[in-house]
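# Summary of the model geometry
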Amino acid sequence: MTSRISLLLIVAALSALVLSCDNVGDPPEVTAVPYWQGEWPAPPLPVMSLEHDDGPILGDPHAYCWQFEGATDRVCEENYPWAGSYEYPEIASFQRIPVIIEAENRPTKLFAQVYTKPGDIMVGGLRRLSSVNPKLDLDLSPGEYNVRLIGYWQDNNVSYEFGVSVPGQAALIAECSMTLIGVDSVLTLESLDDPRRTAPDDANGMGCRFTKPIASVMMTLHSDTLGSFTETFQIDPPSITVGLPLPDNAASEGTGGPLLAGTYSRRVVALTEEGEEWSFGWGMLEEVEIVGP
């Protein structure tokens, strides 16, 4: 018992030290929360919002798992991600946004996630925020983003979702994943009609999500001595997801060729309807060998 009390005293002392280091002056008061009046049941759940020059940015409830007073078990509920009706108020390209927490107690842990809209690509990884005077640092390029705040109160948790936008021309970015089967360092093709010509390698497939719809994929094979060939595949309708290799029945148009047997450098790029280009560099073998006509 004595060691347990000593440990608690140490934790309390460290907590007091953290509070004194994190704050300049007294922290704002944490206010009690009325019963939630939305679609969730009406428990006294914490409410989180983002401070903005034009007024608070109110989030939509995403999920909670909570032990309510008098209940024997925790109650959990989750809405479909990014299903809220929130708007996308403008913020600066780099801005520290205070997080407002209305609760009877401060959270023990607080996290934030930021995703592109569209594409649902996480930007900056999982961000841990201070539970005292929390501020969300948003160093974002132009575009619209979905933000999720997740607060923990001991074993209980609740999360809210928000929309923000940074003015300017949004960039084309992508997030890709692929299978992990061992392969040779050169992709061998039987001919220019080989269905693996847009594959990452001999055995693996790749899937990518984009922040803008992709209208076409262009593959170029080139050799300084053997010639060049370019084939453009149409993505109809344009899509924010593209899988490689492309389907055998994908409509395409080729220029150049035919190519003799030999080794060629390969470049595969995705293009939007406006002509913005993104190269499938990561995971793609840069050389292919053609063994047939």
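Residues numbered from 1 in each chain as written. Predicted model: local features only at pLDDT ≥ 70, side-chain atom pairs only at ≥ 80, totals over all residues. Heavy atoms only, no water.

It is worth spelling out the state of the cysteines at this point. All told, the structure shown has two disulfides when counted by the stated rule. A disulfide bridge connects Cys65 with Cys76, and the sulfur atoms are separated by 1.7 Å. Of this pair, Cys65 sits in strand β3 (residues 60-66) while Cys76 sits in strand β4 (residues 75-78), placing them eleven residues apart in sequence. Taking the relative accessible area as the measure of exposure, Cys65 reaches 11% and is therefore buried. Cys176 shares a disulfide with Cys208; S-S distance 2.0 Å. The disulfide joining Cys176 to Cys208 has a torsion of about 110 degrees about its S-S bond and is therefore right-handed. Taken together, the residues span a long stretch of sequence, with Cys176 in strand β11 (residues 174-178) and Cys208 in strand β13 (residues 206-223) at a distance of 32 residues. (Disulfide = S-S within 2.5 Å. Helix = DSSP H or I, 4+ residues; strand = E, 2+ residues; numbered from the N terminus. Buried < 20%, exposed > 50% of the residue type's maximum accessible area, 1.4 Å probe, protein only.)

A few words on the sheet that holds strand β10 (residues 156-166). Strand order in this open sheet of six strands is β4-β3-β10-β9-β6-β7, and the pairing throughout is antiparallel. Unpaired on one side and paired on the other, β4 and β7 (127-129) mark the two borders of the sheet. Sheet twist, expressed as the average angle between the axes of neighbouring strands with direction ignored, equals 25 degrees. (Pairing = 2+ DSSP bridges. Axes fitted to C-alpha atoms, helices over the stretch in contact; angles between N-to-C directions.)

The four strands are arranged β2-β1-β5-β8 in an open sheet whose pairing can be described as antiparallel. Pairing within the sheet leaves two strands with one partner each, and these edge strands are β2 (57-58) and β8 (135-139). Relative to strand β5 (residues 94-102), strand β1 (residues 47-50) runs antiparallel, the two sharing four bridges. Across the sheet, Met48 pairs through a bridge with Ile101, a residue of β5.

According to the stated counting rule, one finds seven aromatic pairs in the structure shown. On the basis of an interplanar angle of 90 degrees and a centroid distance of 5.5 Å, the ring pair of Phe210 and Trp278 is categorised as edge-to-face. You can see Phe210 sitting in strand β13 and its partner Trp278 sitting in strand β17 (residues 277-279), a full 68 residues away along the chain. A relative accessible area of 0% means that Phe210 is categorised as buried. Look at Trp278 and Phe280: their rings are 5.2 Å apart centre to centre, the planes differ by 90 degrees, and that puts the pair in the edge-to-face class. Here the guanidinium or amino end of Lys109 rests over the ring plane of Tyr152, the centre of that ring lying 5.2 Å away. Its guanidinium or amino end placed over the ring of Trp82, Arg148 lies 4.4 Å from that ring's centre, counting from NZ or CZ. (Phe/Tyr/Trp six-rings, centres within 6.5 Å; stacked < 30°, edge-to-face > 60°. Lys NZ or Arg CZ within 6 Å of the ring centre and 35° of its normal.)

Let's shift gears to unusual backbone geometry. Following Asp236, the chain continues to Pro237 via a peptide bond in cis, the omega torsion being 0 degrees. Take Pro237: it is sitting in strand β14 (residues 227-244). Put simply, Leu244 and Pro245 share a cis peptide bond, and its omega is 5 degrees. Inspection of the secondary structure assignment puts Pro245 in the loop between β14 and β15 (252-256).

As for its placement among the helices and strands, Val186 is situated in the loop between β11 and β12 (187-189). Classification of Val186 by relative accessible area gives partly exposed; the value is 22%. Val186 sits 78 residues away from Tyr264 along the chain, and the two C-alpha atoms are 10.0 Å apart.

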